[in-house]
Amino acid sequence: MPEVTVGQLHKKFGSTTVLREIDFTIRDGEFFTLLGPSGCGKSTTLNCIAGLERPTGGRIAVGDTVFVDSAAGTFRTPEERNLGMVFQSYALWPHLSIAANLAVPLKIRKTGKEEQARRITEALDKVGLAHLKDRYPHQLSGGQQQRVALARALVYSPSVLLLDEPLSNLDAKLREQARAWLKRLQTDLGITTVYVTHDQDEALALSDRIAVLSEGDLLQVGSPHEIYERPAAAAVAAFVGRCNFLRGKVESRDGGRAVIRLEAGGAVVRVASDTAVTAGQEVTVAIRPEKFEVGPANRPADAANLLRTQILTRSYVGSRYEYDVRLGKQVVQVESTEPGLSGEVGLAFAPESALLYPDAALPSEDAEELLTLQV
Ligand SMILES: Nc1ncnc2c1ncn2[C@@H]1O[C@H](COP(=O)(O)OP(=O)(O)OP(=O)(O)O)[C@@H](O)[C@H]1O
């Protein structure tokens, strides 16, 4: 299976730029996910790889085969690319049986009758539906239709599998089962897969690596662990998982740590930082809700950073409790297995478990509104 290289990919619709110089390489056999909020350009990127959109600039290649090279005027049609594609809508032909649906791409490729039958059985076996080959799409559940769509994309042995939100039409429980099944299938087949989703949990669970897009820019490419633990930008931290953003001003540096006075509550905290920040600079400190250790408000502050806060509300979410706490004029989200926290509490966090972004801008106005108390 080949690598997929996308270089300097640029796309405009009319005068609107929707992709700006996107660069990534997908490794052989990798499950690679394009993740980001609605409208960030995920589907456009996938469609450029599929050949359904013509990029305004850049280069796309699979192995040694160049699909697009804008500078050289190269553009291969979707049929010439031999990629397997599955859409959210499945796009099965309702008047054709399952076997006949799978035969369509084989007929287009002029595959012989016997070979067609062999490939159809093999592809349906892969998705566990060979016994339903004579049924029609409306006689199958949503989950089964989605498997048929996948079998139809695999039946002609594509070099790469392209999946655009394929699980979005399934209900929550089925979606989780389908996710595990899809991951097993992809691992068994070892097929290079490009997956589009706006669902961060799905991206974290399925992917070998994730590319996070925002408004046409590629913000970060990394393993799920890197994306969650070391987000390259505040916007990545905000989009993947829950995160608190605290504004502050750098007072000094202390070795590999920045000493910061927080705007909310006025506490002075230390945050590990490789980024060059200087005294007086405005920064944003990002801390995930599970990185806080909750304890008494009056314990000694020298062991770790300590924020004195007040519990506002508690929600039970099954495995843990989520608390909203007040820090100055801001609401901070905290996770704990302790059921009975109330009144004043101290939130401790290690300098290494917070993230520092060298600008005072919160990722979005929505986030700011959500996190600020109206007092
Ligand atoms: N054919 C088109 N003509 C004009 N604008 C388009 C066209 N297709 C997409 N766009 C715009 O390009 C931007 C990126 O769209 P795209 O579908 O790639 O986003 P996305 O991240 O896949 O979002 P979603 O998850 O909502 O599908 C959006 O602003 C969208 O409105």
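Here is what the cut-offs are and how they apply
- Residues numbered from 1 in each chain as written.
- Predicted model: local features only at pLDDT ≥ 70, side-chain atom pairs only at ≥ 80, totals over all residues.
- Heavy atoms only, no water.
- Domains from an automatic or database assignment.
- Buried area = accessible area lost by both parts, 1.4 Å probe.
- Salt bridge = Lys/Arg side-chain N within 4 Å of Asp/Glu carboxyl O.
- Polar contact = N/O pair within 3.5 Å; in protein donor to acceptor, adjacent residues only side chain to side chain.
- Helix = DSSP H or I, 4+ residues; strand = E, 2+ residues; numbered from the N terminus.
- Nonpolar A, V, L, I, M, F, W, Y, C, P; charged D, E, K, R; others polar.
- Pairing = 2+ DSSP bridges.
- Axes fitted to C-alpha atoms, helices over the stretch in contact; angles between N-to-C directions.
- Expected span 1.5 Å × (residues − 1).
- Buried < 20%, exposed > 50% of the residue type's maximum accessible area, 1.4 Å probe, protein only.
- Arc of directions from axis to C-beta.
- Near = heavy atom within 4 Å.
- UniProt positions renumbered as here; feature names shortened; annotations may be inferred.

- The protein goes by ABC-type quaternary amine transporter in an unreviewed UniProt entry, where it is assigned to Amycolatopsis albispora.

## What about the domain arrangement of the protein?
For step 1, the next point in the chain: What the domain assignment lists for the protein is domain 1 (4-235) and domain 2 (242-371).
For step 2, the next point in the chain: Between the C-alpha centres of domain 1 and domain 2 the distance comes to 39 Å.
For step 3, the next point in the chain: Of all residues in domain 1, Tyr-228, Arg-230 and Ala-234 give up the largest surface area on contact with domain 2, accounting jointly for 65% of the area buried on that side.
For step 4, the next point in the chain: Taken together, domain 1 and domain 2 are joined by one salt bridge.
For step 5, the next point in the chain: A salt bridge links Glu-229 to Lys-291; the nearest nitrogen and oxygen atoms lie 3.0 Å apart.
For step 6, the next point in the chain: On inspection of domain 1 and its partner domain 2, the count reaches five residue pairs in polar contact (both at pLDDT 80 or more).
For step 7, the next point in the chain: The element contributing the most residues to the side of domain 1 that touches domain 2 is helix α8 (residues 224-229), with three residues.
For step 8, the next point in the chain: When the residues that make up the side of domain 1 that touches domain 2 are grouped by side-chain class, the tally is seven nonpolar, no polar and two charged.

## Observations regarding the sheet that holds strand β16 (residues 293-295)
For step 1, the next point in the chain: Strand order in the open sheet formed by five strands is β16-β20-β17-β18-β19, and the pairing between neighbours is antiparallel. Of all strands in the sheet, those with a lone pairing partner are β16 and β19 (330-336), marking the two edges. Each neighbouring strand pair of the sheet contributes to a mean axis angle of 45 degrees, computed without reference to strand direction.
For step 2, the next point in the chain: Summarising the sheet, strand β18 (residues 321-327) and β19 pair through seven bridges and their orientation is antiparallel. Looking at the pairing, Asp-324 lines up with Gln-333 of β19.

## A short note on helix α4 (residues 113-126)
For step 1, the next point in the chain: Under the 1.5 Å per step criterion, the end-to-end length of α4 is 20 Å for 14 residues, consistent within 8% with the ideal 20 Å.
For step 2, the next point in the chain: Those residues of α4 that fall on the buried side of the exposure criterion are Gln-116, Arg-119, Ile-120, Ala-123 and Leu-124. Within α4, the buried residues cover an arc of 125 degrees as seen down the axis, which keeps them to one side.
For step 3, the next point in the chain: Downstream of α4 by one or two residues, Gly-128 has phi in the positive range, about 70 degrees.

## Notes on the site of the ligand
For step 1, the next point in the chain: Within the structure, the ligand sits among Phe-13, Val-18, Pro-37, Ser-38, Gly-39, Cys-40, Gly-41, Lys-42, Ser-43, Thr-44 and Glu-165.
For step 2, the next point in the chain: One nitrogen or oxygen atom from the side chain of Lys-42 is found 2.9 Å from an oxygen atom belonging to the ligand.
For step 3, the next point in the chain: Contacts to the ligand include Ser-43, whose backbone N or O atom sits 2.8 Å from an oxygen atom.
For step 4, the next point in the chain: No other element matches the three residues that helix α1 (residues 42-50) contributes to the shell around the ligand.
For step 5, the next point in the chain: Its residues assigned to classes, the shell around the ligand comprises four nonpolar, five polar and two charged.

## A word on the UniProt feature "domain: ABC transporter" (unreviewed entry) in the protein
For step 1, the next point in the chain: Sites flagged by UniProt as "domain: ABC transporter" (unreviewed entry) map to residues 4-240.
For step 2, the next point in the chain: The distance from the first to the last C-alpha atom of residues 4-240 is 25 Å, and the span holds 37% helix and 27% strand.

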